[in-house]
Amino acid sequence: VQLQASGGGLVQAGGSLRLSCAASGSISSFNLMGWYRQAPGKQRELVASIFRGGSTNYADSVKGRFTISRDNAKNTVYLQMNSLKPGDTAVYYCNVMKSFHSVYLPWGQGTQVTVSS
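These numbers were taken from a predicted model, which means no experiment stands behind them.

Assigned secondary structure in the chain consists of zero helices and eleven strands. Taken along its principal axes, the extent of the C-alpha atoms in the chain is 40 × 25 × 25 Å. Counting the 117 residues in the chain, one finds 42% classified as buried. In the chain, the share of contacts with a sequence separation of at least 24, taken over all contacts with a separation of at least 6, comes to 53%. Per element, the accessible surface of the chain, about 6100 Å² overall, is 47% carbon and sulfur. Within the chain, the 4 negative side-chain charges are centred at a point lying 4 Å from the centre of the 11 positive side-chain charges.

In structure tokens:
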């Protein structure tokens, strides 16, 4: 399976974006999927994750602003981002998670999100 992240762009602070992660195959068997981000000069961090059953987890920095969802029929995972802040500027990636500390797939190109103040 390959994953393709899209939907990034330039937005003003307070704005919204919806990221999509489209899989080349079925995601229904993947128990845990996640969105990550990496800002310049910083390590990649887990932003949000979703279990097959729909349970979700979020980094403290995005709680209440971001929502992760998955559509197994469309083989797609989404990240709705509201009330964006300049600190959210990063390249966003999706992946299939082995655990909260590791992933299965090589990292793709990601999608750039830039939030201007």
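This is not the end of the story, as more comes after the structure.
Once that is clear, we can look at the pairing of strand E8 (residues 76-81). Most of E8 is tucked away, with five of its six residues classed as buried. As paired strands, strand E7 (residues 66-71) and E8 are joined by six bridges and run antiparallel to one another. Directly across from Ser-69, in E8, lies its bridge partner Tyr-78. The hairpin formed by E7 and E8 contains four residues between the paired strands, and Asn-75 there has a positive phi angle of roughly 55°.

Once that is clear, we can look at the nonpolar core. The biggest cluster of nonpolar side chains holds 29 residues, and the ones touching the most others in it are Met-33, Trp-35, Phe-66, Val-77, Leu-79, Met-81 and Tyr-92. Secondary structure elements with two or more residues in this core: strand E1 (3-6), strand E3 (17-23), strand E4 (32-38), strand E5 (45-51), E7, E8, strand E9 (90-99) and strand E11 (111-116).

With that out of the way, let us pick up the pattern of salt bridges. Evaluation of the coordinates by the stated rule reveals four salt bridges. Its salt-bridge partner being Arg-37, residue Glu-45 comes within 2.7 Å of it at the nearest N-O pair. In this structure Glu-45 comes out as partly exposed when scored by relative accessible area, which is 33%. Take Arg-37: its relative accessible area is 6%, and that puts it in the buried class.

Analysis parameters
Residues numbered from 1 in each chain as written. Predicted model: local features only at pLDDT ≥ 70, side-chain atom pairs only at ≥ 80, totals over all residues. Heavy atoms only, no water. Helix = DSSP H or I, 4+ residues; strand = E, 2+ residues; numbered from the N terminus. Buried < 20%, exposed > 50% of the residue type's maximum accessible area, 1.4 Å probe, protein only. Contact = heavy atoms within 4.5 Å. Areas by Shrake-Rupley, 256 points an atom, 1.4 Å probe, with all protein chains shown as cover. Lys, Arg positive; Asp, Glu negative; His and termini not counted. Charge placed at Lys NZ, Arg CZ, Asp CG, Glu CD. Pairing = 2+ DSSP bridges. Core = buried A, V, L, I, M, F, W, Y, C linked by side-chain atoms within 4.5 Å. Salt bridge = Lys/Arg side-chain N within 4 Å of Asp/Glu carboxyl O.

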